[in-house]
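Residue-level structure breakdown
If you want the building blocks of each chain, they are given just below.
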Amino acid sequence: MKRFLASLALGVGLSGFLMNGASAQALTPPEIAARNYVLLDLTTHQTLAERDADVPQDPASLTKLMTAYIVFDAIKAKRLTLDQTVTVSKRAWDERKGDPSLMFIDTTMTPKVDELIRGMIIQSGNDASVALAEAVGGTVEQFVSMMNKQAQAWGLKNTSFTNVTGITAPGHKTSARDIAVVFAHVIQDHPQYYAEYYSKREYTFNKIRQFNRNMLLGRDPSVDGGKTGYTDAAGYCLAVSAQREVPNGKRRLLSVVMGTASKEARATESQKLLNWGYAAFDAVRLFEKNQPITTVKVWKGASPEAKLGAADAVFVAVPRGEGGKLKTDIQRTDPLVAPLALNQRVGTLKVTTASGAPVAEVPLVVQQEVPLAGIFGRAWDAIRLWIK
């Protein structure tokens, strides 16, 4: 079982979660009664535990995490507004067939985008999802194409969408890890919408009051959002995230369980994963943002030295009590020759355990631009480099 990613996602985005990495130290998670699961540490960008996390599965309404992301992107791009009203098509109304999850809109209504988002996320409305897809993409098919293009852009190799709701259909598949990456993008790319919609425990529309099926919202005060799903093929699924105060600040974990036996089981198994992640691992802050990690010589530069550091604060998750035993090693290009641009990557900080097991690799970047020296300075350094 993979326990850690050997590469932090700093500078390379959430795709770091998709990389295969060596185990920093074998910690056995509790037994999780789910077909597939994954636990991510979003603070350190590491995978803490998983089982069959890359096996394609029926995702049920976890699909709506990607549906929501595309809608949020459209709002950000000003192609849609929260106050904009939407005409409800017969296709959206037809989602009533088969007794699926609904917010109960009909063709006589013109709900606002904000209302539809709440209906899609809190009530898991299939009808709301279709109405939003048509508002953004023109057609559901075009919107599904947008979903698949975004999945490809993130490198989600086990994902293929054929609809916006998660109803079981041939070719509609994704994996626990891919869902976790989508959810992580929702949280990190659209934090205002994550905070506004995913934490709500109920929503009333057209005098119909419905409750969020994410039971952990009422049980664990650190849980601030998630998405449920269920079909006969998928079983009971839950993607959930929690943020807790730890000695080094706030730490966010995200879990995805797929194929559990009941509503209660998906909540219980998710809680078990989250609690284990917080209890078994420490989030160690190695360096602050903009803190120089090393100073190195620069040749042919207006400045003789350059400070190197990470693009952001550096955290790593390690088994509890192991933080004081970590080792760091810097690998960099030598010699460094000007010009050097701000944030230009020129090396790597490798973090290992005391036994040498890899924990993380952090890109080292130039923290201050180093322009070329004058002609005489360049000529003198050229001679010295030749002699060297």
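Quick caveat, the model's predicted, so the values are computed rather than measured. (Residues numbered from 1 in each chain as written. Predicted model: local features only at pLDDT ≥ 70, side-chain atom pairs only at ≥ 80, totals over all residues. Heavy atoms only, no water.)

Details of the overall build of the chain
Looking only at helices and strands, the chain has 10 helices and 15 strands in total. Partitioning the intrachain contacts of the chain with sequence separation of at least 6 by distance along the chain shows that 66% fall at a separation of at least 24. As displayed, the chain has an accessible area near 16,600 Å², and 52% of this comes from carbon and sulfur atoms. (Helix = DSSP H or I, 4+ residues; strand = E, 2+ residues; numbered from the N terminus. Contact = heavy atoms within 4.5 Å. Areas by Shrake-Rupley, 256 points an atom, 1.4 Å probe, with all protein chains shown as cover.)

Observations regarding the pattern of salt bridges
The full count for this structure, using the stated rule, is 17 salt bridges. As a salt-bridge pair, E141 and R91 come within 2.9 Å of each other at their nearest N and O atoms. With E141 in helix α5 (residues 140–153) and R91 in helix α2 (residues 90–93), this pair connects stretches of sequence that are 50 residues apart. Judged by its relative accessible area of 47%, E141 is partly exposed. R91 sits in the partly exposed class, given a relative accessible area of 39%. In the salt-bridge network here, residues are joined through shared partners; they are E50, D54 and R177. (Salt bridge = Lys/Arg side-chain N within 4 Å of Asp/Glu carboxyl O. Buried < 20%, exposed > 50% of the residue type's maximum accessible area, 1.4 Å probe, protein only.)

Focus: the sheet that holds strand β2 (residues 46–51)
The five strands lie next to each other as β2-β1-β7-β6-β5, forming an open sheet whose pairing is antiparallel. The open sheet is flanked by β2 and β5 (223–231), the only strands paired with a single partner. Neighbour to neighbour, the strand axes of the sheet diverge by 10° on average, direction disregarded. The sheet contact formed by strand β1 (residues 36–41) and strand β7 (residues 249–260) spans six bridges and is antiparallel. Each bridged residue has a counterpart across the sheet, and for D41 the counterpart in β7 is L253. (Pairing = 2+ DSSP bridges. Axes fitted to C-alpha atoms, helices over the stretch in contact; angles between N-to-C directions.)

Focus on unusual backbone geometry
Here the amide bond leading from A338 into P339 is cis, since omega sits at 5°, within 30 degrees of zero. Within the element layout of this structure, P339 appears in the loop between β13 (336–337) and β14 (345–352). Within the chain, H45 stands out as a residue other than glycine whose phi angle is a positive 55°. Along the polypeptide, H45 turns up in the loop between β1 and β2. By relative accessible area, which is 13% here, H45 ends up buried. Positioned with a positive phi, A60 is a non-glycine residue whose angle comes to about 50°. Tracing the sequence through the fold places A60 in the loop between β2 and α1 (64–76).

Details of the packing of α1 against helix α3 (residues 113–121)
Orientation of α1 relative to α3, taken along the N-to-C sense of each, is 160°, at an axis distance of 11 Å. Regarding the angle of α1 to α3, the classification is roughly antiparallel. Where α1 crosses over α3, the two elements pack in a sense that is left-handed. Residues K64, T67, A68, V71, F72 and I75 of α1 pack against V113, I117, M120 and I121 of α3. Considering only residue class, the contact of α1 with α3 consists of eight nonpolar, one polar and one charged. (Parallel < 35°, antiparallel > 145°, perpendicular 65-115°, else oblique. Left-handed = near helix turned anticlockwise from the far one by under 90°. Nonpolar A, V, L, I, M, F, W, Y, C, P; charged D, E, K, R; others polar.)

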